[in-house]
Amino acid sequence: MKTPFKLFLVAGLCLAAVAHAMDDKGYASIYESIAAFENRPGGDARIFNRPGYVKPIITNLAPVLNSNWYVSATVPQSMTFEAGLPFAIIPIGSDDRSFSENGASVPTIFGDHGDPLNYDPTVYGNETLHNLGVFTYPYLQLAGGFYHARLVLRGMWLPAVSELQKFNLIGIGLQYSFGHLFQYMLPKPAQGLDVSLVLGYSSSGISYQPEDYEGTLDLDISAFTFDLVIGYKPIEIVEVMLTLGYQSGSMASSGHLVSHAEGWNDQSIDPNITVDGNDGFKFGLAVAFQFGTSFHPVVGYDYAGKSSFTTNVLYFKQQFGKDKTPDEIAKEKGYVRGGSSRDDEEKMDEAEETPKAKKKAKKKSKKKKKVVEEEPEEEDAAGDTTAADDEFEEFDEE
């Protein structure tokens, strides 16, 4: 009797343990969602050290932080000031809701729920994150430019609200445009072309304290982007931009939590893993508009392992002063389009005129020589007449 009772007790404990794989709706418990951030030696592999389970957080955050660093490929020589609330919107797709683990497709933290009435050891998605349809991250951005260089600062700070104990962001970006070096040499239709290099770095901190828990889960997120931006203005108030670049993102977890939740009472979690995002090639298209002297909205699309839609609809830009036009720069430099300067053109004109002058002088010389050669013949003829006349005079005398 003891043996069957022991087996029944062990089985009951096992069923109780796996029941925690779901809440009453079939989603993962808070403990299981956060335990994925801890690499615990000897811990239950079903819930601990699961970077693939939480990776969609950084794969969505990195593109958001690496977007909206520029509003034009051109940075004027005159001083400029900008301010706005740019943000990116990233749709959460099917690739965010599942990943491959041990050869099987399993839910991520954004994944679906299971059936709470049927035993299933799978750790499903988190209910809050599963219900998100898009991912976004707002921030305030300020920028100033002078002599074709631009400095960008961005940030966002929120007070502790409910379970969110900390939310901050700080970022710095640099941009330099090269159009002033070559635009004056281009034909008129191509003078709207410009090229920029852009660097952007963001650092963000998030602290989360679930209900019925002591302590926090701390996430330190960093993102970096390096972009080549090619812009063209078909008309003065519209600019089309193409972006080619490289981006990266990383999420480091830390903190200490103790659970007082049912089923996980006095269980602790020490998050300690670092997860990288989809580092690699970046491609983007954007269109900027200039309405009046200040309103400068931008809308665009980026792809960096994920699709994202970027916008700067509440963006204002003011320029103090007016830059020289490419034609004015060409005139100042003495450049004549077609590949030569005015000095070179004058030399070419001289080179072209010299052969003509030589030919004209040679022709004139020949004519003069002919006239000179004809004059002695007249003298000879005059001399012959005189001799004949002398002979007639001698004959008459005789």
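Because the structure is a prediction, the values reported are computed rather than measured. (Residues numbered from 1 in each chain as written. Predicted model: local features only at pLDDT ≥ 70, side-chain atom pairs only at ≥ 80, totals over all residues. Heavy atoms only, no water.)

Student: Would you take a moment to explain the overall build of the protein for this structure?
Tutor: On a plain count of helices and strands, the protein comes out with six helices and 19 strands. Relative to its 398 residues, the protein shows a buried fraction of 38%. Entry remark: accessible area of the protein is about 22,500 Å², with carbon and sulfur atoms responsible for 61%. (Helix = DSSP H or I, 4+ residues; strand = E, 2+ residues; numbered from the N terminus. Buried < 20%, exposed > 50% of the residue type's maximum accessible area, 1.4 Å probe, protein only. Areas by Shrake-Rupley, 256 points an atom, 1.4 Å probe, with all protein chains shown as cover.)

Student: Explanation requested: the pattern of salt bridges in the structure shown.
Tutor: Side chains bearing opposite charge may pair, as long as their charged atoms lie close to each other. Inspection of the entire model under this criterion finds 10 salt bridges. The shortest N-O distance in the salt bridge between Glu32 and Arg46 comes to 3.4 Å. Residue Glu32 is located in helix 2 (residues 30–35), and its partner Arg46 is located in the loop between helix 2 and helix 3 (51–65); the two are separated by 14 residues in the primary sequence. By relative accessible area, Glu32 is classed as buried at 0%. (Salt bridge = Lys/Arg side-chain N within 4 Å of Asp/Glu carboxyl O.)

Student: Quick question: what am I supposed to make of the environment of Asp276 here?
Tutor: Mapped onto the secondary structure, Asp276 falls in strand 13 (residues 274–276). By relative accessible area, which is 42% here, Asp276 ends up partly exposed. Apart from residues no more than four positions distant in its own chain, Asp276 is found in contact with Lys55, Ile58, Gly249 and Ser250. Only 3.4 Å separates the side chain of Asp276 from the side chain of Ser250, close enough to count as a polar contact. (Contact = heavy atoms within 4.5 Å. Polar contact = N/O pair within 3.5 Å; in protein donor to acceptor, adjacent residues only side chain to side chain.)

Student: Please explain unusual backbone geometry as it appears in this structure.
Tutor: What you tend to see is this: most non-glycine residues have negative phi, and most peptide bonds are trans. In this structure, Asn68 is a non-glycine residue whose phi angle is positive, near 65 degrees. Looking at the element boundaries, Asn68 is found in the loop between helix 3 and strand 1 (79–84). Positive phi, normally seen in glycine, also occurs at Asp266, with a value near 65 degrees. Residue placement: Asp266 occurs in the loop between strand 11 (238–259) and strand 12 (268–269).

Student: What's the story with the packing of aromatic side chains in this structure? I'm lost.
Tutor: In this description, a pair of aromatic rings is defined by centroid distance and the angle of the planes. For the structure on display, the rule yields nine aromatic pairs. Consider the rings of Phe110 and Phe135, whose centres lie 6.4 Å apart with planes at 65 degrees: the pair is edge-to-face. Here the residue Phe110 occupies a position in the loop between strand 4 (104–107) and helix 4 (127–130), and Phe135 occupies one in strand 5 (residues 134–136), the gap between them amounting to 25 residues. Judged by relative accessible area, Phe135 falls into the buried class, the value being 12%. When the ring of Phe146 is compared with that of Tyr147, the centres are 4.9 Å apart and the planes differ by 80 degrees; the resulting orientation is edge-to-face. For Phe146, a relative accessible area of 45% puts it in the partly exposed group. Judged by its relative accessible area of 48%, Tyr147 falls in the partly exposed class. Three or more aromatic residues link up through ring pairs in this structure, and these residues are Phe289, Phe291, Phe295 and Phe316. The ring of Trp69 has Arg154 sitting right over it, with the charged end atom 3.7 Å from the ring centre. (Phe/Tyr/Trp six-rings, centres within 6.5 Å; stacked < 30°, edge-to-face > 60°. Lys NZ or Arg CZ within 6 Å of the ring centre and 35° of its normal.)

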